[in-house]
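Take a look at the letters that make up each chain.
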Amino acid sequence: MGPLQIKEILQATPENQPVTLKGWVRTKRESKNAIFIALNDGSTIHNIQAVAQPGQFPDELIQIVTTGACLKITGQLVESQGSGQAVEVKVESIEVYGAADPDVYPLQPKKHSLEFLREIAHLRPRTNTFGAILRIRHALAFAVHQYFNDRGFFYLHTPVITASDAEGAGEMFRVTTLDLNKIPRTEEGAINFKEDFFGREANLTVSGQLEGELGAMALSKIYTFGPTFRAENSNTTRHLAEFWMIEPEMAFFELEDNMDAAEDFVKTVIASALENCKDDLNFLQNRLAEEDKNKPQNERSIPLLEKLSFVVDNPFERLTYTEAIEILLKSKPHKEKKFQYPVGWGIDLSSEHERYLVEKHFKKPVILTNYPKEIKSFYMKLDEDGKTVRAMDVLFPGIGEIIGGSQREENYEKLLGRVHEVGIDPQNLWWYLETRKFGTAPHSGFGLGFERLVLFVTGMSNIRDVIPFPRYPKSAEF
Ligand code: 4AD
């Protein structure tokens, strides 16, 4: 499996054994007695120190050993002479795979702003911050699969190209092979999608849920974990046009079971990051503390690890939408007209309202249930009052909605009624509706926005910084 990674070498007992290092130079420091090269291969936040002697190599070689260059170093693993690391490598040979001209290489060993790093997304994984984020992202994805596998769920691959709008919000990216300069028309002058690749209109999926439900009606417990696309023009720190969503769907689960599942799931994956990503989380915690130093005491955030442990160790607050509205109506910001958007039964809660509930009122994650049907998707099970649906949103501090889910309407007539009410053509969903005709069952599910989870766990503040190559309005560069 190739040479040992720096992570493994750093853990080895130094016995003057030969080692080969391959990685990118973070820094080079020359003193009278030694040349110190800090090398990193992305396997860990920690660099390994390689020490060469002045005069050991030609000047032309040492000159091109600069930040960003890729090297192969051979040498001996020895106990470190200096403090700060247990082991170091006594260099015997250096091969430069690729130099990085310091006059033009944009990543110099100094602090770069996150905005600047977004412009060089092809190189930012080489920074400590993005290395840490990407390793944590990987660990969380792995924990997601582990979680479901351990509990008898099957990973269902739902299509990326679909002909239906699962959320009914009309925020889809079109998929077509029609020549946009020669669009075929019907006799009535409309676009003739019969001539398009799929013989009909098609788009990128906004959610794998509808197909996920088909899976749950056969395998009982499934989950999806795939890319999801939304053409909403949201330039916020919480929205991407392409994001990854995890959508478990469970037959025989009612709303209460769904809440238990969502809470247990999100706590378990966060706990696994705490367990498996200690070095990277410590690095990010220190980074945040450094940023906080410039802020007044009352605006400083709680340390990252403490925040994560708090979420893992404490039960989420559960209440209905109606109860939440009552709390908001009695709240100080409402009475003092400090909220930008009005509060009243029937409103779609805005992020200021969600943040008040989570960060000011309860000071912990909250699960809100039983929303008015008008502000939720057509597939949610109607409550007995006919006004609310069995929806649940999980709200997190600093994030807002991290999970959206519901018990599904399993009654054919009621579901068809809602399809008509919201103006969806039932012809487009005949296959979905048929599950309610043949062996229907109570079932529930939810969707976790993976980047919002990574955002929470890393303590970063912009969702564009927790996915390697973000897609948002006017940006699809890399
Ligand atoms: O609440 P949403 O729209 O729910 C669904 O799509 C359902 N089909 C889920 C289900 O029941 N199976 O989205 C679910 C989650 C949100 O809570 C949020 O975390 C994330 O997906 N999300 C986004 N993340 C990043 N950028 C966006 N534009 C997002 N839109 C939703």
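Scroll up to find the structure this text is about.
Conventions used here
- Residues numbered from 1 in each chain as written.
- Predicted model: local features only at pLDDT ≥ 70, side-chain atom pairs only at ≥ 80, totals over all residues.
- Heavy atoms only, no water.
- Helix = DSSP H or I, 4+ residues; strand = E, 2+ residues; numbered from the N terminus.
- Contact = heavy atoms within 4.5 Å.
- Areas by Shrake-Rupley, 256 points an atom, 1.4 Å probe, with all protein chains shown as cover.
- Lys, Arg positive; Asp, Glu negative; His and termini not counted.
- Charge placed at Lys NZ, Arg CZ, Asp CG, Glu CD.
- Salt bridge = Lys/Arg side-chain N within 4 Å of Asp/Glu carboxyl O.
- Buried < 20%, exposed > 50% of the residue type's maximum accessible area, 1.4 Å probe, protein only.
- 1 Å grid on protein atoms, 1.4 Å probe; cavity = no way out; pocket = protein on both sides within 12 Å on 5 of 7 lines; lining within 4 Å.
- Points joined across faces, edges and corners; volume = space filled by probe spheres on them.
- Nonpolar A, V, L, I, M, F, W, Y, C, P; charged D, E, K, R; others polar.
- Patch = residues over 30% accessible without salt bridge, like charges linked within 9 Å, V, L, I, M, F, W, Y side chains within 5 Å.
- Axes fitted to C-alpha atoms, helices over the stretch in contact; angles between N-to-C directions.
- Parallel < 35°, antiparallel > 145°, perpendicular 65-115°, else oblique.
- Left-handed = near helix turned anticlockwise from the far one by under 90°.
- Core = buried A, V, L, I, M, F, W, Y, C linked by side-chain atoms within 4.5 Å.
- Domains from an automatic or database assignment.

Tallying secondary structure elements over the protein chain gives 14 helices and 15 strands in all. With the C-alpha coordinates aligned to their principal axes, the bounding extent of the protein chain is approximately 85 × 60 × 45 Å. Nonlocal contacts in the protein chain, meaning residues at least 24 apart in sequence, comprise 67% of its contacts between residues at least 6 apart. For the protein chain, the accessible area works out to roughly 24,000 Å², and carbon and sulfur atoms hold 51% of it. Computed over 55 positive and 68 negative side-chain charges, the inter-centroid distance for the protein chain is 4 Å.

Right, let's talk about the pattern of salt bridges for a bit. This model, assessed by the stated rule, comprises 25 salt bridges. For E263, the salt bridge is made with R318, and the minimal N-O distance between the two is 3.1 Å. Residue E263 is found in helix 6 (residues 255–276), and its partner R318 is found in strand 11 (residues 317–320); the two are separated by 55 residues along the sequence. Of the charged contacts, one joins K295 and D292 as a salt bridge, the two residues approaching to 3.2 Å between their closest N and O atoms. By relative accessible area, which is 34% here, K295 ends up partly exposed. What emerges from the salt-bridge pattern is a single network uniting E256, D260, E263, K267 and R318.

Tallied over the full model, the rule gives one cavity of 30 Å³ or more. Of the pockets and cavities examined, the largest cavity occupies roughly 40 Å³. Taken together, A121, R124, P125, F130, I133, L134, D465, V466, I467 and P468 make up the full set of residues lining the largest cavity. Along the lines of polarity and charge, the residues of the lining of the largest cavity split into eight nonpolar, no polar and two charged.

A separate point is a nonpolar patch on the surface. Residues V160, I161, F197 and F198 make up a contiguous nonpolar surface patch of roughly 380 Å² in combined accessible area. Secondary-structure assignment places F197 in the loop between strand 7 (161–162) and strand 8 (203–204). Taking relative accessible area as the criterion, F197 reaches 59% and is therefore assigned exposed.

Their axes nearest at 11 Å, the elements helix 6 and helix 14 (residues 450–458) cross at an angle of 45 degrees. By the angle between their directions, the pair helix 6 and helix 14 is classed as oblique. For the crossing formed where helix 6 meets helix 14, the hand is right-handed. Of the residues in helix 14, those touching helix 6 at V266, V269, I270 and A273 are L453, F456 and V457. When grouped by side-chain class, the residues that make up the contact of helix 6 with helix 14 number seven nonpolar, no polar and no charged.

Ranked by size, the top nonpolar core spans 64 residues in total, and within it L140, F265, I270, F396, I403, L453 and V457 carry the most contacts. When residues are assigned to domains, this core turns out to be shared by domain 1 (6–108) and domain 2 (126–171 + 206–465), each giving three or more. When residues no more than four places from it in sequence are discounted, the contact partners of L453 are L140, V266, V269, I270, I402 and L448. Counting residues in each nonpolar core, the second largest holds 33 residues, with L319, L357, Y371 and L416 among its members.

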